[in-house]
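# Coordinate inspection notes
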Amino acid sequence: MSSPFANLPTGIDGSAWKRQALLTPVEMGRADSITIENGTPGYTLMLVAGEAVADAVCDRFETGTVAVLCGPGNNGGDGFVAAKILASRGWSVRLGLLGDRTELKGDAAQAAADWVAASSEETVEPLSPEILTDATVVIDAVFGAGLNRDPEGSAAETLSAIGNRPVVAVDVPSGLFGANGACNRDITPKAAVTVTFFRGKPGHKLLPGRVLCGDLSICDIGIDTTALNVIEPKLALNRPDLWASALPEESPFHHKYSRGYLMVAGGPEMIGAACLATRAAQRAGVGMVTVAAPLAQAPLYRLALQSAVVRGLKDTRGFLDCLEDARLTAALIGPGLGDEAAGSHERVLGVLRANIPAILDADALSIFADSPDSLFQHRAAPMLLTPHMGEFARLFPDLSTLDNKVEMARRAAERSGAVVLLKGYDTVIADPSGWAVVNDSAPPTLAVAGAGDVLAGLAAGLIAKGMPVFAAACAAAYLHGVAADRAGSGLIAEDLPDLLPEAIERSRIPRVR
Ligand SMILES: NC(=O)C1=CN([C@@H]2O[C@H](COP(=O)(O)OP(=O)(O)OC[C@H]3O[C@@H](n4cnc5c(N)ncnc54)[C@H](O)[C@@H]3O)[C@@H](O)[C@H]2O)[C@@H](O)CC1
Ligand SMILES: Nc1ncnc2c1ncn2[C@@H]1O[C@H](COP(=O)(O)OP(=O)(O)O)[C@@H](O)[C@H]1O
Ligand SMILES: [K+]
C-alpha cells in the first residue's frame, strides 16, 4: 500500500495537508469511530467538546443567563455537558431539549443524565422560544454538521426566534449542512463563534454557511490524528504551509529568460486586462513577459508596459509563430482577448498545442461555450482554467447546478484534465484527481473589475517560474486575497500587483493558523 498522501499534487506538503484538512461529516464520523476503536471512549470526547464550548462562552461573555438549545443527537450531548460546566461556574442556565429525554441514546443520554443528576430540580424543558427569555448568551447545540434537511417544528421555531442574541454554535450553527455550506438563512442562527472539533468542515468555509459561523474555533478534543492517514481527506483549507516550499526561489545563476518567460495574449479592445495580468506576472518575479498584441494596438501596450516586450502581430499566423519561441515557459490567454476578435479560437488552441503550461481565463473560456470538449482535447501540457461562475456555467452547464462548489470544481477538473480555479469569496481549486482546497483569504472588496486579470497573471507568473500548476493556483488565490486585504477599502485592480511581492515574501515562512 502506498503511504498516505503520497499522491498529493506536486509541490503540496503532506503534513500541512493533514493540518489544514476539511472533513466532510462522513469523514468526521470515521475519525470519531477510529478514535473510539483505538480506546478513547466517545463520552470522553464529548466531555472535552462540551468543556471547549463552555470555555468559549466564558472567554467571550460576562457571566449571565445562558439558554442551551439541545437536539436529539450528540450535538445536543455536547450542549448538556456545556450546561453542567457553566452552571458550576455561576451561570444561570435554562436548557431546552428537542424531543423526549428518554429517547436520547448513548453518550447524549449519559450527558443528559449527568446534567439532571447535578441539578437540584427538573431542568430539561421542551425546546421552545420561551427558553430564550432573559438569555444573555445562547448555546446552539441543536444539530451538528451531518444535518441534510432543514430544521422543522419547534427546532425551526426556536432557532429563528434567537434574533440578535449572541450565539455560540456547537460544531455548526444548526441548519447549516457541513458537507456543502447550504442552509436556510431564515432559520439558521448567525453565530458569534462556532466551536468545532478536530478539523473544520467544508460548510464552515463555503458560502452561504461561512457567513453564519462567526469566528471559527477548531478545538483538539483528543481525536486521533493518525485517523487522517486512513481517511485521506481530499479537501483542505488553503494556507501557505501547503505550498510555501514550492514557491520559486531566486538564484544568482539565473538570467531573465531562465527566471520564467511568459507569453500573454493581448486583445484589440480591453487592453487594460492583459496589462493588469502582465503586471501581476512581473510582480510575481518572472524575468520576461512578451505581450502578443494586435498590430494596431501594440503602441498602446508599449506605452502601458515599458518593461514588457510587446510584439505587434499582423494576424493569427504571427501569433502562432510567437508561440514557437522555445524559451517560453508558460502562456496566458483570455484577459481582454475579445470574444468576437478574429482568430481567437485558433489562438487559444495554438496556446494549448504549444506544449508549455497554459493558463486560460475569461474570453478564452467563454468562446468555447458551444464546444468545450474541443478545448479539453487539445491540451498538450498542464492547464489551468480560472473561471468565475458565469464562465464556468458556459463550459460546464450540467455541473453548474450541483449543490456543492467543491464537487463542481472537482468534476470540471476531472472532465477537462485541467486544474480548475472556480472564483468567488469561497474560491475552490481542484485538480483532476480530486484534490481540492477552499480559499478564505479574499475580502469582498476583490469583487471589482480587473481583479480576475490580476489573479490570472499572478498564477501564470508563478507557473512560468516553474511552480507546479495546482500549487501555483493555490498560492495565487491566497496571495491575491492577502494583497487585497492590504489594499483595504476603495481597492482598484491596479493596486494589487504592487502589493504582491510583500505578500509572497510573507508567505514564505509558513504561518499555521
Ligand atoms: N463521539 C462523540 O460523542 C462526539 C460527538 N460530537 C458531537 O456530535 C455531533 C454529531 O452527532 P450526531 O451524529 O448525533 O448528529 P446530530 O447531533 O446533528 O443529531 C442528529 C439527530 O437529529 C435528527 N435530525 C436530523 N435532522 C433533523 C431535522 N431536520 N429535524 C429533526 N431531527 C432531525 C436525527 O434523526 C438524529 O437523531 C457533532 O456535531 C458534535 O457536536 C463531538 O462531541 C465529537 C465527539
Ligand atoms: N464577494 C467576493 N469576495 C471576495 N472575492 C471575490 C468576490 N467576488 C469576486 N471575487 C474575486 O474577485 C476576482 C474577480 O474576477 P473576475 O470576476 O474574473 O473579474 P474580472 O474579469 O473583471 O477581472 C476573482 O479573483 C474572484 O475570486
Ligand atoms: K449546532
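Residues numbered from 1 in each chain as written. Chains lettered and ligands numbered in written order. Predicted model: local features only at pLDDT ≥ 70, side-chain atom pairs only at ≥ 80, totals over all residues.

## Some details on the domain arrangement of the chain
Put simply, the rule reads: Where each domain starts and ends comes from a domain assignment, either automatic or drawn from a database. Each residue is represented by a C-beta atom placed from its backbone, and any two residues with such atoms within 7 Å are regarded as in contact. Numbering goes from the N terminus for both helices and strands, where a helix is a DSSP run of H or I of at least four residues and a strand is a run of E of at least two. Under the scheme applied, nonpolar residues are Ala, Val, Leu, Ile, Met, Phe, Trp, Tyr, Cys and Pro; charged residues are Asp, Glu, Lys and Arg; polar residues are all the others, including Gly.
Along its sequence, the chain is carved into domain 1 (15-232) and domain 2 (240-508). The centre of domain 1, based on its C-alpha atoms, is set 41 Å off from the matching centre of domain 2. At the interface, 13 residues of domain 1 touch 10 residues of domain 2. Listed by contribution, the elements that provide at least two residues to the side of domain 1 that touches domain 2 are α1 (14-20) and α7 (202-205). With four residues, α1 is the largest single contributor of residues to the side of domain 1 that touches domain 2. Of the residues that constitute the side of domain 1 that touches domain 2, the class distribution is eight nonpolar, two polar and three charged.

## Some words on the pairing of strand β10 (residues 288-294)
Going by this rule: To assign burial, the other C-beta atoms lying within 10 Å of each residue's own C-beta are counted, with C-beta atoms placed from the backbone; 20 or more indicates buried, 12 or fewer indicates exposed, and intermediate counts indicate partly exposed. Whether two strands pair depends on DSSP finding at least two bridges between them. With its strands directed away from the observer, a crossover is right-handed exactly when the path from the first strand over the helix to the second travels clockwise.
Across the seven residues of β10, seven count as buried, placing the element largely inside the fold. Where strand β9 (residues 261-265) meets β10, five bridges bridge the pair, whose relative direction is parallel. Bridge assignment links leucine 262 to a residue of β10, and that residue is valine 289. The parallel pair β9 and β10 is bridged by helix α10 (residues 271-283), and the resulting crossover is right-handed. Where β10 meets strand β11 (residues 309-313), five bridges bridge the pair, whose relative direction is parallel. The partner of alanine 293 across the bridge, within β11, is glycine 312. For the crossover from β10 across helix α11 (residues 298-304) to β11, the handedness is right-handed.

## Concerning the packing of α10 against helix α18 (residues 451-464)
Stated formally: Angular values range over 0 to 180 degrees, each being the angle between N-to-C directions of two axes fitted as lines to C-alpha atoms, with helices fitted over their stretch in contact. Note on terminology: angles under 35 degrees are roughly parallel, angles over 145 are roughly antiparallel, angles of 65 to 115 are roughly perpendicular, and the others are oblique. Handedness of a crossing follows from how the near helix is turned relative to the far one, being left-handed for an anticlockwise turn of less than a right angle and right-handed for a clockwise one.
Interhelical geometry of α10 versus α18 gives an angle of 40 degrees and a closest axis separation of 7 Å. Taken together, the axis directions place α10 and α18 in an arrangement best described as oblique. Crossing handedness for the pair α10 and α18: right-handed. Residue-level contacts link Ala273, Leu276, Ala277, Thr278, Arg279, Ala280 and Ala281 of α10 to Asp453, Val454, Ala456, Gly457, Leu458, Ala460, Gly461 and Ala464 of α18. Class assignment of the residues belonging to the contact of α10 with α18 gives a composition of 10 nonpolar, three polar and two charged.

## Digging into the site of ligand 1
In plain terms, the rule: Each residue receives a C-beta atom placed from its backbone. It is near a molecule or strand if this atom lies within 6 Å of it.
The environment of ligand 1 is made up of 26 residues, and the closest members are Ala49, Gly73, Asn74, Asn75 and Gly144. Per-class residue counts for the shell around ligand 1 are 12 nonpolar, eight polar and six charged.

## Focus: unusual backbone geometry
Between leucine 207 and the following residue, proline 208, the backbone shows a cis peptide bond with an omega angle of 0 degrees. Of note, proline 208 is situated in the loop between α7 and β7 (215-219). Unusually for a residue other than glycine, aspartate 171 sits at a positive phi of about 70 degrees. By the element assignment, aspartate 171 lies in the loop between β5 (167-170) and β6 (193-197).

## Topic: the sheet that holds strand β14 (residues 383-385)
As summarised here, the arrangement of the 10 strands in space is β8-β17-β16-β15-β14-β13-β12-β9-β10-β11, forming an open sheet in which the pairing is mixed. Unpaired on one side and paired on the other, β8 (235-237) and β11 mark the two borders of the sheet. Strand-to-strand twist in this sheet, taken as the mean axis angle between neighbours without regard to direction, amounts to 15 degrees. For strand β16 (residues 428-430) and strand β17 (residues 436-438), the ladder comprises three bridges, and the chain directions are antiparallel. Its bridge partner lying in β17, valine 428 is registered against valine 438.

## Details of the sheet that holds strand β2 (residues 92-97)
Reading across the sheet, the seven strands line up as β3-β2-β1-β4-β5-β6-β7 and stay open at both edges, with parallel pairing between neighbours. The open sheet terminates on both sides in strands that have one partner only, identified here as β3 (125-126) and β7. With five bridges connecting them, β6 and β7 associate as parallel partners. Of the residues in β7, the one forming a bridge with threonine 196 is isoleucine 218. Where helix α4 (residues 74-88) meets the sheet, it contacts β1 (65-70), β2, β4 (137-141) and β5, and its direction lies at approximately 160 degrees from that of β1.

## Some points on the site of ligand 2
Inspection of the region around ligand 2 gives 18 residues, with Lys423, Tyr425, Leu446, Ala447 and Gly452 positioned closest. Residues of the shell around ligand 2, tallied by class, amount to 10 nonpolar, six polar and two charged.

## A few points about the confidence of the model for the chain
Here is the rule: As a per-residue quantity, pLDDT reports the predictor's confidence and falls between 0 and 100.
Within the chain, residue pLDDT values average 96, and 99% of them lie at 70 or more. The spread of mean pLDDT over the elements of the chain runs between helix α15 (residues 372-377), the lowest at 93, and β16, the highest at 99. Here the predicted complex carries an ipTM of 0.87, next to a pTM of 0.95.

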